[in-house]
Amino acid sequence: SVAIRAENVWKVYGSGEAEVTALRGVDLELARGEFTAIMGPSGSGKSTLMHCLAGLDVVTRGEIVLGRTTVTGLRDKGLTRLRRDHIGFIFQQFNLVPTLTAEENIRLPMTIAGRKPEPAWMAEVIATVGLRERLRHRPHQLSGGQQQRVACARALVPRPEVIFADEPTGNLDSRAGAEVLRLLRKSARELGQTIVMVTHDPVAAAYADRVVFLADGSIVTELREPSAEAVL
Ligand code: ADP
Ligand code: ADP
């Protein structure tokens, strides 16, 4: 079944001399459980596309549907609820709460939603991202890579239908990065989560089922079952 559908999506920032067309009629369909990487040069519209799909940014024209929800028809309250109940985010800037421990940060989205993590899955996620010995640490006591792993665990633990990840391995060494990517792939395959990842790294993209290439706001090509060589 289709988890995410974008139809003729345009995004224009600014106006007059400062006008920038970041997306030019993007059409995209992502199946449930599909792990998709979005690649393309800097400024090609990757972040904008991800922000529009996630309802973090308002499209200028076109339609975006997540599951049964027409994202482009929602206003602030509906968007907040959609993000809280159905979407996980892993951003480059980790947005961890500095006064909370790693474990409290991981639990926070579920605490806010009034839900409880499934203990076995939470333990597995924490072990996979290598945070078992760091649960009582606060963000400033963790390295950048460890903070990124906290952000990954925080997104995965609630098992949202959709996860958006912006350069999730950008601050990790290759071994930790590979572990995070395997975990993302596993959660797509085994939990049916739909994952959209923006990355510059062909090795990271090779973990995805599918790579979509953007150039100047348009999808220019696509690869299925990519190898790192093919992505390069
Ligand atoms: P990428 O993620 O591929 O680097 P972006 O989506 O960040 O590309 O940006 C696409 C284009 O839109 C760029 O020209 C960028 O400068 C512009 N852009 C992105 N966000 C904004 C914004 N909030 N205001 C104005 N221009 C923006
Ligand atoms: P990335 O490195 O992931 O491509 P960017 O540095 O392009 O991310 O963008 C980071 C954030 O800044 C995004 O939320 C994007 O929408 C915003 N942004 C990008 N370009 C501009 C711009 N020219 N003006 C305002 N905001 C921008």
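Conventions and cut-offs
Residues numbered from 1 in each chain as written. Chains lettered and ligands numbered in written order. Predicted model: local features only at pLDDT ≥ 70, side-chain atom pairs only at ≥ 80, totals over all residues. Heavy atoms only, no water. Near = heavy atom within 4 Å. Polar contact = N/O pair within 3.5 Å; in protein donor to acceptor, adjacent residues only side chain to side chain. Areas by Shrake-Rupley, 256 points an atom, 1.4 Å probe, with all protein chains shown as cover. Helix = DSSP H or I, 4+ residues; strand = E, 2+ residues; numbered from the N terminus. Buried < 20%, exposed > 50% of the residue type's maximum accessible area, 1.4 Å probe, protein only. Phe/Tyr/Trp six-rings, centres within 6.5 Å; stacked < 30°, edge-to-face > 60°. Salt bridge = Lys/Arg side-chain N within 4 Å of Asp/Glu carboxyl O. Axes fitted to C-alpha atoms, helices over the stretch in contact; angles between N-to-C directions. Parallel < 35°, antiparallel > 145°, perpendicular 65-115°, else oblique. Contact = heavy atoms within 4.5 Å. Nonpolar A, V, L, I, M, F, W, Y, C, P; charged D, E, K, R; others polar. Pairing = 2+ DSSP bridges.

## Observations concerning the site of ligand 2
Here's step 1: Around ligand 2, the neighbouring residues are S47, H51, Q92 and D166.
Here's step 2: In this structure, an oxygen atom belonging to ligand 2 sits 3.5 Å away from a side-chain N or O atom of D166.
Here's step 3: Within the complex, 31% of the 550 Å² of free accessible area of ligand 2 lies under protein.

## As for the side chain of Q147
Here's step 1: Mapped onto the fold, Q147 is located in helix α5 (residues 144–156).
Here's step 2: Taking the relative accessible area as the measure of exposure, Q147 reaches 17% and is therefore buried.

## Structural notes on the packing of aromatic side chains
Here's step 1: Throughout the structure, instances matching the rule amount to two aromatic pairs.
Here's step 2: Ring plane angle 45° and centroid distance 5.4 Å describe the contact between F89 and F91, whose orientation is recorded as tilted. Across the pair, exposure class does not vary: F89 and F91 are buried alike.
Here's step 3: Their ring planes at 25° and their centres at 6.1 Å tell us that F89 and F164 sit as a pair that is stacked. Pair noted here: F89 is in strand β6 (residues 87–90) and F164 is in strand β7 (residues 162–166), with a separation of 75 residues, a long-range link. The two residues F89 and F164 agree in class, both being buried.
Here's step 4: Members of the aromatic cluster, connected to one another through ring pairs, are F89, F91 and F164.

## With respect to the pattern of salt bridges
Here's step 1: Following the criterion strictly, the structure yields twelve salt bridges and no others.
Here's step 2: Taking the shortest distance from any N to any O, the salt bridge between R24 and D216 comes out at 3.9 Å. Highlighted residues: R24 in strand β2 (residues 20–31) and D216 in the loop between β9 (210–215) and β10 (218–224), separated in sequence by 192 residues.
Here's step 3: For R24, a relative accessible area of 33% gives the class partly exposed.
Here's step 4: R107 is the partner of E103 in a salt bridge, and the nearest nitrogen-oxygen pair spans 3.0 Å. Taken together, the residues span about one helical turn, with E103 and R107 both in helix α3 (residues 102–113) at a distance of four residues.

## Side note on the packing of α5 against helix α6 (residues 174–191)
Here's step 1: Where α5 contacts α6, the two axes come as close as 11 Å, and the packing angle between them is 5°. Comparing the axis directions of α5 and α6 gives the class roughly parallel. In contact with R149, C152 and L156 of α5, α6 contributes A176, V180, L183, L184 and S187.
Here's step 2: Residues of the contact of α5 with α6, tallied by class, amount to six nonpolar, one polar and one charged.

## Examining the sheet that holds strand β4 (residues 61–66)
Here's step 1: The strand order across the open sheet formed by four strands is β2-β1-β4-β5, and the pairing between neighbours is antiparallel. The sheet is open, and its two borders are formed by β2 and β5 (69–70), each paired with just one other strand.
Here's step 2: Sheet analysis places β4 next to β5, joined by two bridges and oriented antiparallel. Following the sheet pairing, V65 is matched in β5 by T70.

Any functional reading would require information beyond the geometric quantities listed.
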